[in-house]
Each structure stands twice: as C-alpha cells, then as structure tokens.
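Structural characterization, general
Okay, here's what each chain looks like letter by letter:
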Amino acid sequence: MDFPSLFRPGILSTRPYSPGRPIEEVQRELGLRDVIKLASNENPEGPLPEVLEAIRAAAETGNRYPDASCWELTRALAAHLGVATEAILLGNGSNEVLDLLIRAAVSPGENVVYAHPSFIVYRIATDVHFETGRAVPLTADDRHDLPAMARAADARTKLVIVCNPNNPTGTYNTEAELRALLAALPPRTLVAVDEAYCDYAVAADYPRSLELQARHPNLVVLRTFSKIHSLAGLRVGYAVGHPDLIAQLQKTREPFNVNSLAQAAALACLRRHDVVAQRAKRNREQLEWLAARCEALGLRVTPSQANFLLVRCPGAAAELAQALLRRGVIVRPMAGWGLDEHALRISVGLPQENRRCIQALEEILT
Ligand SMILES: Cc1ncc(COP(=O)(O)O)c(C=O)c1O
C-alpha cells in the first residue's frame with residue numbers, strides 16, 4: 001500500500017515538530033539521575049497550590065465531559081481582560097487556536113505571511129494546510145521586519161502572523177511598528193499577534209494590542225496559560241478578536257477541546273493573577289543574570305523580552321548542546337528552526353538551574 005500517495009503534497013513535504021527532549025528520555029539515554037530542562041520555554045515554577053487543588057477537585061468529575069462552552073472560564077477571562085465574552089475563543093493551547101484560524105480562514109490559493117526564524121509551528125500549520133506560507137526574514141538584529149512583511153502581503157494574503165516577543169529570538173516589535181503594519185494592510189487581511197510571552201515583556205513600548213482592536217477589527221490576539229501561568233502540560237490558550245470573527249471560529253472547534261482539568265486550572269490561575277507580576281520579576285532577574293554570565297563567557301546574547309535567551313557560541317551550537325547534555329543540562333540548538341549553526345536557545349530556569357547551566361558552560365568553554 002502506497003500510503004504517501006493518499007496524502008496532499010503539503011503533508012508529504014512537512015517536517016514534523018521536534019519538541020525539546022523530555023528529562024526522562026535524557027536520564028534513560030545517558031544514565032544520568034539529575035537532569036534539568038531549559039529547552040521548552042516553560043515556567044520552571046510549578047502550578048500554585050490553589051491551582052493544584054482546583055485540578056484535583058475537577059478530576060473527581062472526570063467521568064463527565066467538560067463544559068463545551070467553557071462558560072465560567074470565558075466569563076472570568078473576559079472580565080479580566082475587559083472584553084466581551086463573545087470576543088474569546090478558548091483552545092487546547094494557543095497552538096490549536098492558531099490552527100483553527102488558518103483552517104477556517106485560508107482557502108486554497110491564498111497565503112499566510114510570517115517571519116523566519118519564528119515559532120516553527122506557523123510554518124507547519126500553514127504547510128500541512130495548503131502549502132501557502134511566505135516566510136519573511138528577520139532584520140539583522142533578529143526582529144520581525146514588519147514593513148517587509150506588509151510588502152510580502154498581496155491580494156491573496158489572508159493572514160499575517162506576528163510573534164511578539166518572538167520565539168526563538170526573544171526580540172519584540174513596538175506598538176508604533178505594529179500600528180504601522182495594521183495601517184499598511186487592508187481590513188480583509190487578518191493579523192494574528194501571538195503573545196505567548198507578553199507577560200514577561202518589560203519594554204515600555206511593547207504593544208497594548210487589545211486596545212488596537214477597536215480600530216482594527218482584523219487584529220486577533222493569541223495568548224496562553226502555558227507560560228507565566230505554568231499550565232503547559234494542561235493545554236489552555238485563547239484568541240481575543242472581534243465577536244463576528246470569533247463566532248465563525250467557534251463553529252470549527254471540536255466541542256470539548258479544552259478539558260475539564262485545564263478549565264478549572266486556568267480559572268484558578270485567574271483568581272491568583274497577583275502572582276504574575278512577581279513571576280515576571282523573578283524571570284527578569286534570572287534572565288539578566290544569565291545574559292551577563294553568558295556574555296562574560298564570550299557568547300553573543302540577543303536582548304530578550306521573554307523567558308528565554310538566544311545566544312550564539314563561537315563553535316557549533318549542536319556540539320555545545322551535546323556537551324551540556326552530558327552534564328545533565330538540556331538546551332536547544334536552533335539550526336533545525338532555520339537559524340545559523342551557532343544559535344542556541346536557553347530557557348530561564350530556577351536560580352539553581354541557571355547556576356548549574358552557567359557552571360556547565362564554564363567547564364566546557366574555559
Ligand atoms: C510563540 C509561541 N506561541 C505559542 C506557543 C504554544 O503555546 P500553547 O502551549 O498555548 O499551545 C509557544 C510555545 O512554545 C510559543 O513559543
């Protein structure tokens with residue numbers, strides 16, 4: 001049976017997403033007991049006790065289907081963001097929401113513009129759909145080139161995706177730059193701003209994107225509970241957009257796409273939103289410490305607004321990553337994402353994890 005012949009060309013040419021290696025896999029493979037993972041931009045701090053309690057309580061009714069409408073979570077989120085409940089679509093991570101948007105909005109012959117290198121899922125989600133991605137290179141300082149992205153858009157462009165802050169570079173685009181992009185694009189072109197890391201951003205000119213939606217109903221904002229809220233394993237993300245746009249997307253989602261534990265956990269996170277600022281502050285302190293130590297070791301560091309650092313080492317990043325792995329530290333060489341062979345991404349961990357990473361780098365590099 002020639003299975004490949006059953007599939008669309010876009011599926012055949014797509015390379016699957018390659019996630020950061022799980023701690024357990026590295027432990028098994030290298031016979032190491034103490035392994036730390038700084039490779040998937042997760043929050044190193046676990047869920048709060050109240051959140052764990054909410055998950056436990058929700059598990060008791062695990063025999064029932066979840067609330068398909070995510071009624072309580074949608075209301076709490078709308079109140080928290082100051083938007084209408086109809087402006088919110090919840091998903092199994094923001095990844096699913098992006099996928100729904102592409103599937104629902106982009107027809108054969110239309111295209112999607114995104115930056116490169118950026119979150120690799122944009123390319124995969126577009127390729128498996130209709131092979132219609134247009135990747136626009138970042139600027140020399142590793143930022144989205146929004147004017148070039150506006151120029152790359154044509155009459156067949158249905159969606160422009162902006163990752164802000166950008167994964168894997170940690171760079172950001174300012175509100176003025178985003179406004180200029182929106183002004184340059186026609187209303188029929190949707191603009192999705194992926195703000196998975198927005199809570200970590202400290203730059204004063206980082207966009208207040210939700211405020212731009214009144215003027216630009218084609219602007220969709222994607223956010224997630226996976227990062228600062230520590231729920232990556234539970235999978236909750238969402239889109240905020242014009243109610244008429246969200247109403248169309250709602251039709252395309254699987255009825256029970258956000259499981260009941262995830263709904264309960266996200267709700268509990270919103271009740272303890274006071275911790276977000278403290279978490280962001282701790283992240284920033286650690287990020288700056290890591291950046292300074294990496295620079296002292298001769299690594300070139302790209303300024304980051306997120307919870308990870310892109311560094312460039314003199315030699316091959318894959319070799320450095322392998323040497324770190326042998327010392328029980330998992331990081332991510334980025335050549336597979338289309339970056340140069342020197343690029344390595346290090347997620348911010350707990351203080352002791354960051355110290356261990358720097359210690360290992362010192363052993364290897366000096
Ligand atoms: C830019 C960006 N968007 C989205 C995601 C995925 O978010 P979620 O866990 O909500 O699917 C990630 C995860 O690393 C990311 O880096």
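Whatever comes next refers back to the structure up there.
Residues numbered from 1 in each chain as written. Predicted model: local features only at pLDDT ≥ 70, side-chain atom pairs only at ≥ 80, totals over all residues.

This paragraph deals with the environment of Ile120. Secondary-structure assignment places Ile120 in helix H6 (residues 120–130). You can call Ile120 partly exposed: it has 18 C-beta atoms within 10 Å. Expressed as a C-alpha distance, the spacing of Ile120 and Cys357, which sit 237 residues apart in the sequence, is 25 Å. The residues touching Ile120, leaving out its near neighbours within four places in the chain, are Tyr17 and Trp337. (Helix = DSSP H or I, 4+ residues; strand = E, 2+ residues; numbered from the N terminus. Buried ≥ 20, exposed ≤ 12 C-beta atoms within 10 Å, placed from the backbone. Contact = placed C-beta atoms within 7 Å.)

Quick look at the nonpolar core now. Most often, soluble globular proteins keep nonpolar side chains buried together rather than apart. Ranked by size, the top nonpolar core spans 62 residues in total, and within it Val191, Ala192 and Ala265 carry the most contacts. A per-element tally of this core places helix H11 (residues 260–271) first, with eight residues. In terms of nonpolar packing, the next biggest core, distinct from the first, is built from 39 residues, Tyr197, Leu309, Leu324 and Met334 among them. (Core = buried A, V, L, I, M, F, W, Y, C linked by C-beta atoms within 7 Å.)

Pairing is antiparallel across the open sheet formed by four strands, whose spatial order is S9-S10-S13-S12. The open sheet terminates on both sides in strands that have one partner only, identified here as strand S9 (300–302) and strand S12 (332–333). Across two bridges, S12 lies against strand S13 (residues 343–347) in antiparallel orientation. Residue pairing for S13: Arg332 is matched across the bridge by Arg345. Along the sheet, helix H12 (residues 275–296) makes contact with S9, strand S10 (308–312) and S13, crossing S10 at roughly 10 degrees. (Pairing = 2+ DSSP bridges. Axes fitted to C-alpha atoms, helices over the stretch in contact; angles between N-to-C directions.)

Attention now goes to the site of the ligand. Around the ligand, 13 residues are found, and the nearest of them are Gly93, Asn95, Thr224, Ser226 and Gly237. For the shell around the ligand, the residue count by class is four nonpolar, eight polar and one charged. (Near = placed C-beta within 6 Å. Nonpolar A, V, L, I, M, F, W, Y, C, P; charged D, E, K, R; others polar.)

The seven strands are arranged S2-S8-S7-S6-S5-S3-S4 in an open sheet whose pairing can be described as mixed. Both outer strands of the open sheet, strand S2 (88–91) and strand S4 (133–137), are each paired with one neighbouring strand and no more. Within the sheet, the average angular offset between the axes of one strand and its neighbour, ignoring direction, is 20 degrees.

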